[in-house]
Each structure stands twice: as C-alpha cells, then as structure tokens.
Amino acid sequence: MTAVRAAGAGSIRTRLLALTLVPLLGVLPLLGLILLLWGNQAIDLLLSGRVRADLAVAQGYFDRVQAEVGSGTQAVASSHQLVRTLALAPPAERETALAALLAREQVRHRLDFLRMLPPQAPEAVAAAGAASGAAAAEAVVAVMDAAQLEALAPGLAERAHIALVDSDGAVPSDRVTESRGLVLIAQARIENTAGATIGWLQGGVLLNRNLGVIDHINRIVYPDGALAFGSQGTATLFLDDVRISTNVRLFGDPQAERAVGTRVSAAVREAVLGRGETWLGRAFVVKDWYVSGYLPLADAGGRRVGMLYVGFLERPFVVVKYAVLAGIGLLFFVVMLLAAWWSLRSAARIFRPLERMTETMQRVESGQAARVGPLQADGEIERLGATLDHLLDTVDDKTRALQRWGEELDAKVAERTAALQAAQQQLVRSERLATIGQLAASIAHEINNPIAVIQGNLDLLQMTLGEAAAPARDEIRLIDGQVERMRLIVAQLLQQARPNEYAGYAEALDPAEVLQASLVLVRHLLERAQVRLVLRASPGATPPVMINRQELQQVLINLIVNATQAMQEQGETGPARELDIAVRHEAGRVLLEVSDSGPGLSEAVRATLFQPFFTTRRDGNGLGLWISRGLLERYGGELRAANRPEGQDAARGAVFTIDLPAAEV
C-alpha cells in the first residue's frame, strides 16, 4: 500500500512537472519571439504615424500661409483707401501716394512684394489665367526665374540665388547654382466705383531662404519637448529637389550652417516628384537617417514643382527601440527561469498535516489572524490549504472593502453637499439678477408716466406762452433736453431688464463735442469737490465715432463721477484733486482717457472691477461700470482700467480708457 501511494505520488509529480515545464520551456519562448517581432513592427508603425500627423500639421500651416497671402492681397485691392488714392488727380501726387500705400500694406501683411499692374499687362493676364483654378483669396505656388523675380521686387533675385552642395544619394546633376525662386503669389482685381477693372494687384512671398516661415513650421510641428530621447525635428521646403529653406544643419551640428542648397535623395525624388506620392518612412537627409514625410507641392497648372518635408532624427529612436526589445527579451528569460524554479519547488511539496489546518481554524475562531501557509504535503491537501487561505483573505478583503466604501461614501456625500451648496448659491444669484431685472422694468414703467406729464406740460407751456417764452428759451431747451435724457435713462433700465428689445440709435459723433456737452452737466459737481479739470480735447481733432449720443454721454458722466468720488474719499489731506481728460486718435481707433489723482486700483479690484454688483463704495450698486462696458461693446468698443503709467504705487491715480472704432468719413 505504501509503494502504491508512492508510485501514485510520483506519477502526480511527473504530470505536474510536465504540465508546468512544457509551456514554460516551449510556448513562452515562442510567445517572446512573436512579441519581439510584433514590437519592432509596432514601433516602426508608431513612428510612421507620428510623422504622418506632423506632415499634416505642416501642410495645414503652409495652406494657411497661402490663404493669408491671398487674403492680404485681396484686402488691399478692395480697400477704399487704394481706390481713393488712384483717384487723385495730379499724376505725381498719385504715384507718390500709391507707392507709400503699397509699401505700408506690404509690411503690414508681411509680403515680400506688392505691386500694381495695368489692366492689360501681360504678366497680369498670365497670372490671372494661372490662378483661375485656385480658390478665391488664396495664393498659388509658382516657380520664377531671376528676371521675373527682379521684376517683382529689387533684391528678390539675389535672395533666391542658391549655390548647390554635393549631396549623397542625390540624382547626378551638372548644375552648380539654383537661380529660380519658389513663390507664393496672389493676384486681385482692382475695380473702380462703377465696377470696371482699373488694374491688378500682385502680392506674394518668396520661399527661398525664408527662414521665418520654415522655422515657424518647425516650432509648430516640433515644439520644445515634443520629441523624446534627444531626437531633433526638422522642416524643409524644396524647389524641385533642392533645399531652398530648411533648418537641417550640415554635418549634424546644431550650430553649423543650414543645409540650403543640398538635394534630396534619388529615391524620394522619384516617388514624390516623379509619381506624386506622399513619402512616409526612413529617408537619408544630408548626413543621417530621418523618419521623414515628404509632400509634393504643385503650381496652379498641377505641375509638381517642389516638396514640403518634416521629419525627426531616427537614431535616438532606433537605440531606444533595440534597448526596449532587448529588455523585453531579457524580461521573458528571467520570468521563464523564475517560473521554472517556482514550478519545481511547488511540485516538490507534499502533504501538510491536516492538524495544521485544524489549528489554523481554531486560532481564527478565537479571533487571531492566522493562515495555513505553505504546506509540505500532497497536491490535493495543498490546494485545500490554499483555498482556505484564499477564503480567509477574501473575508478580510471584503471587510476592508466595506470600510473603504464607507469612507468613499462619506467623501462623496461631502462632495455632493458642496456641489449642492454651489448650485444653490448660483440659483440665488440668478434669482437676484432676475429680481433686479423685474425691479428695473417696474421702476422704469412707473417713472415713464411723470416724464410724459412733464414733457406734455412743457410742450403746452411753450405753445401757450408763444413769443413770451423767448427770455427763458435756453432754460426751456435745457429742461427739454434733461427730460429727454431722463426718458433715455428709463430706456436704459428697460434695456437691462429686456436687452433684446432695446438698442440705441447710432450716429456719427465728434467725441470731443460729446465730452464738452457732458462736462456741462457735471461742472457743478467738479466745482463743489474742488477738482481741477485738465481738458485735452478739441472738436474736429479726431475722426467721428458711430455710437448713440446719450449712451456715450452716460458712460462719460459715469466715469467722471466715479473719478470725483474716488478723489473725495482721500479727504483733505490727500494729493491735489486733478481730473485729466484727453481725446486722441490712434491706429483707426478713437481713445477717450479719464485720469484722476485718486488712490488708484489694486490688483484685486482690477480683477473684478467690471463684474456686476462689485463696488468699493458703501452706497454704490456695482452696476455702473458693468453697464458702461456693455454699452461700448455693442458698438465695437471696449472699456479698460489701469493705473497711471508714471507711478506704480496706488497714490498716482487710475485711468479709464474708452476705446471706439473711428467711423469712415
């Protein structure tokens, strides 16, 4: 019987060894080899996918540059200022003004050339035909020789001239220089007021040695930290197979000269320029291998004339790839050894005494933390002991899980309570805003009736007195104006309650004249507060602005009253009270600046200054600046607040700036 049990035990041990070691020594190495092969291919696919995305980003920016060149040229051609300049009578004055205008617009739109051509100029007709297939307001890619470039703008031919550099793997060529230029060119029709064509406007950018465009593409595609393991991202523009603008360096040195004039490999040239394909994969670039993406660039006629390239150095990723694959292989080997050792040790175990499990249960019943532990016993009893330990562990895990769930439930209750409180506060705020709107509507409705009575009796008084009212005509006119202003204030209250139903009537106003009219209404306040007024505004000195007169006057009076009250809060011991109001014209905008010598604005106050209900005065309602900003924004303007620039401390005072677009005259 003992021999039978021993033979049975040996048979079980043999089967356990076979079931354990055969998968470990046979299947696991095969899986490791498959994983290595798959990992190598997956990493290569990831790198190709990355460069595909990088190429798409670069193409998007290049398309954007084309659109900006086209839209900039179209904007100048359709501008009223250009048509007005061309309408000047003296030819000498017209030519001078036109040259100055084109020079300004060329700098403004960052163009390398901007010129006007007659309606029937050969180059204008040719360019119009070439651009007929392009999208509206978009530049096209074109290749121009040195003579054409020099005709566009002086110096372009010299900038486009590139000395060719011998390049490994390139198609053999006898050329030593490249004098052609790759140009983004756009053409727009210039029409007079009758719609007739009076000329053409050509504008564009030369891409040869255009380091600004290529460096910006590189920064967009490969910002700092975008590539790991010390790899370097690069971008290049090609004319045919010649690098005309690139941040690839010669000899691989980041400080070396750019590889302008080097040529692309023959394989890439054939695939991209020859067959019109997009190249994604490894490519030899100047002195090293790069994970590269090449995209063909076509002119308006569909001819492939150049390429757009982005890529990054392959070597760091290759090193990392092989290191990772070697690490995976080593890990599989170590895991296989450890698993074999553990399997042999587990198969060598025999039965543990049943008393060990009985003792464990007794200790658990008495409240002790006990486990059966490793058993030197046969397999069935060992699994029974492990099952028992697992059951005890499960009980402990469930107990700890219940405790953890209780803690998480408490945390969620606290979180939901906080969220509910925040929602309740928001609801209270919304109800408050709604109540204020209803109150404003109610007050406005009640005030409208006495205003109507005053206006009606004033009209009746004028009709009754007739010419006898002449001595008091100015006072009656002032009363009539103030009644109108009260009516407009009521309309503003209704506007805050129902903003979609009210909108001010806009007209072209002289801001200096509106300012002087506003000062008449607050002059008594300034005199009573002993405020010295410094006025730098002359009627007609600036272009007019399109805005409602009463609304602009409301904003000005609000700012002047706020400045006066801020200076009064400093008391008699503060600095001299001075209110400085200036009106000026700057870059198509009209600025009205109201500066005071009050305490200024702290950072905390400036952060919440234009929010509704925020005020620093005890009797304020916090709506004045909020309403003022809303009124200005309706007409394309804005209201800004800052401290006076001549002093950073709070005692220097604040300056509020009304910024409105100048109206066209």
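Colleague: Summarise the confidence of the model for the protein chain; cite the residues concerned and give the values.
Modeller: Of the residues in the protein chain, 80% have a pLDDT of 70 or more, and the chain-wide mean is 79. Across the protein chain, strand 2 (residues 140-144) holds the top mean pLDDT of 93, while helix 4 (residues 122-130) sits lowest at 50. Note that pLDDT drops below 50 for residues 1-13; the model gives that stretch three contacts with residues more than four away or on any other chain. In this model, residues 125-136 is a region of pLDDT below 50 whose contacts with residues beyond four sequence positions or in other chains number nine contacts.

Colleague: Go over a nonpolar patch on the surface, please, and point to the residues and values.
Modeller: On the surface, a nonpolar cluster with roughly 500 Å² of combined accessible area is contributed by Leu30, Leu31, Leu33, Ile34 and Leu37. Within the secondary structure layout, Leu37 lies in helix 1 (residues 2-77).

Colleague: Tell me what's going on with empty space enclosed by the protein, and back it up with residues and numbers.
Modeller: Using the criterion set out here, one finds two cavities of 30 Å³ or more in the structure. Taken as a whole, the second largest cavity encloses approximately 30 Å³ of empty space. Lining of the second largest cavity is provided by Ser167, Asp168, Arg243, Arg263, Val264, Ser265, Phe284, Val285 and Val286. Looking at the lining of the second largest cavity residue by residue, the classes come out as four nonpolar, two polar and three charged.

Colleague: Kindly report on the sheet that holds strand 18 (residues 654-661), identifying the contributing residues and their values.
Modeller: Strand order in the open sheet formed by five strands is 13-15-16-18-17, with mixed pairing between adjacent strands. Single-partner strands in this sheet number two, and they are strand 13 (532-536) and strand 17 (638-643). Strand-to-strand twist in this sheet, taken as the mean axis angle between neighbours without regard to direction, amounts to 15°. Sheet analysis places strand 15 (residues 578-586) next to strand 16 (residues 589-595), joined by seven bridges and oriented antiparallel.

Colleague: Account for the pattern of salt bridges, naming residues and giving values.
Modeller: What the rule picks out here adds up to 25 salt bridges. Ionic pairing is found between Arg275 and Glu277, a salt bridge with its closest N-O pair at 3.0 Å. Under the relative-accessibility criterion, Arg275 is labelled partly exposed at 47%. Here Glu603 makes a salt bridge to Arg606, at a shortest N to O gap of 3.4 Å. With a gap of three residues between them, Glu603 and Arg606 both fall in helix 15 (residues 603-607), about one helical turn apart. Taking relative accessible area as the criterion, Arg606 reaches 34% and is therefore assigned partly exposed. Through salt bridges with shared partners, one network takes in Arg175, Glu178, Arg180, Asp240, Asp241, Arg263 and Arg269.

Criteria and cut-off values
Residues numbered from 1 in each chain as written. Predicted model: local features only at pLDDT ≥ 70, side-chain atom pairs only at ≥ 80, totals over all residues. Heavy atoms only, no water. pLDDT = per-residue confidence, 0-100. Helix = DSSP H or I, 4+ residues; strand = E, 2+ residues; numbered from the N terminus. Contact = heavy atoms within 4.5 Å. Patch = residues over 30% accessible without salt bridge, like charges linked within 9 Å, V, L, I, M, F, W, Y side chains within 5 Å. Areas by Shrake-Rupley, 256 points an atom, 1.4 Å probe, with all protein chains shown as cover. Salt bridge = Lys/Arg side-chain N within 4 Å of Asp/Glu carboxyl O. 1 Å grid on protein atoms, 1.4 Å probe; cavity = no way out; pocket = protein on both sides within 12 Å on 5 of 7 lines; lining within 4 Å. Points joined across faces, edges and corners; volume = space filled by probe spheres on them. Nonpolar A, V, L, I, M, F, W, Y, C, P; charged D, E, K, R; others polar. Pairing = 2+ DSSP bridges. Axes fitted to C-alpha atoms, helices over the stretch in contact; angles between N-to-C directions. Buried < 20%, exposed > 50% of the residue type's maximum accessible area, 1.4 Å probe, protein only.

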